[in-house]
Amino acid sequence: MAKNTNRGGGVHTTPNPNGSGWVNQQGGEILSTHWLKDRAEEAGRSQAKEQGVEHTIHKRDGTIGEKNSYGNDPVSSKG
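What you see is a predicted model, and the numbers here were worked out from it, not measured in a lab.

Here helix α1 (residues 37–51) spans 21 Å end to end across 15 residues, near enough to the 21 Å set by a 1.5 Å rise per residue. Buried within α1 we find Ala40, Glu41, Ala43, Gly44, Gln47 and Ala48. Against β1 (11–15), β2 (22–26), β3 (29–34) and β4 (54–58) lie the buried residues of α1. Looking one or two residues beyond α1, the residue adopting positive phi is Gly52, at roughly 70 degrees.

Once that is clear, we can look at the confidence of the model for the protein. Looking at the protein as a whole, its pLDDT mean stands at 87, while 80% of the residues score no less than 70. A low-confidence stretch, residues 1–7 stays under pLDDT 50, and its non-local contacts, those more than four residues away or across chains, total 18 contacts.

Attention now goes to the sheet that holds β3. Note: strands within a sheet are paired through backbone hydrogen bonds, in either parallel or antiparallel orientation. Strand order in the open sheet formed by five strands is β3-β2-β1-β4-β5, and the pairing between neighbours is mixed. Both outer strands of the open sheet, β3 and β5 (64–69), are each paired with one neighbouring strand and no more. With direction set aside, neighbouring strand axes in the sheet form an average angle of 20 degrees. Bridging between β4 and β5 involves five bridges; their strand directions are antiparallel. Opposite Ile57, over in β5, you have Glu66 as the bridge partner. Docked against the sheet, α1 engages β1, β2, β3 and β4, running at close to 165 degrees with respect to β4.

The next thing to look at is the environment of Ile30. Counting through the fold element by element, Ile30 comes out in strand β3. For Ile30 and His12, which are 18 residues apart along the polypeptide, the C-alpha to C-alpha distance reads 9.4 Å. In contact with Ile30, not counting residues within four places along its chain, are Asn18, Val23, Asn24 and Gln25.

With respect to the secondary-structure elements, Asn24 resides in strand β2. Accessibility expressed as a relative area gives 0% for Asn24, which makes it buried. A polar atom in the side chain of Asn24 sits 2.5 Å from the side chain of Thr13. Looking at Asn24, its side chain comes within polar contact range of the main-chain oxygen of Ala40, at 3.0 Å.

Definitions and cut-offs
- Here the residue numbering is sequential within each chain, running from 1 through the sequence in written order.
- For a predicted model such as this one, the threshold for reporting local features is a pLDDT of at least 70, and the threshold for listing and counting side-chain atom pairs is 80 or more; totals across whole chains, interfaces and linings nevertheless cover every residue.
- Hydrogens and water are ignored here; the side-chain numbers use all heavy atoms of the structure.
- What counts as a helix is a DSSP run of H or I of at least four residues, what counts as a strand is a run of E of at least two, and both are numbered from the N terminus.
- What a helix is expected to span follows from its residue count: subtract one and scale by 1.5 Å.
- Partly exposed describes any residue whose relative accessible area lies between the buried limit of under 20% and the exposed limit of over 50%, with all areas from a 1.4 Å probe on protein chains only and scaled to the type maximum.
- In this analysis, two residues are considered to be in contact whenever any of their non-hydrogen atoms come within 4.5 Å of each other.
- A score between 0 and 100, pLDDT records how confident the predictor is in each residue.
- Strand pairing is defined by DSSP finding a minimum of two bridges between the two strands.
- Lines fitted to C-alpha atoms define the axes here, with helix axes fitted over just the stretch in contact, and angles between the N-to-C directions of these axes take values from 0 to 180 degrees.
- Whenever two N or O atoms come within 3.5 Å, that pair is a polar contact, provided that in protein one can donate a hydrogen and the other can accept it, and provided that, for residues adjacent in sequence, both atoms are side-chain atoms.

Here it is, written out as structure tokens:
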């Protein structure tokens, strides 16, 4: 399993680097821990929406599976 060390400003749902289950991290700090990935995703989504930041959901191997932005999106330009 890849080690997940999130240093960005968004919320990352990752496999727990300290054991079983899943965690939500932000800036390298663990915000919450969960046994099930879907529960971790729900909590991470809620935290990201509350803060208006990006939510990144990682796969078991640590690679990025999905990203969702809940604020600070750039203004679309005509083009």
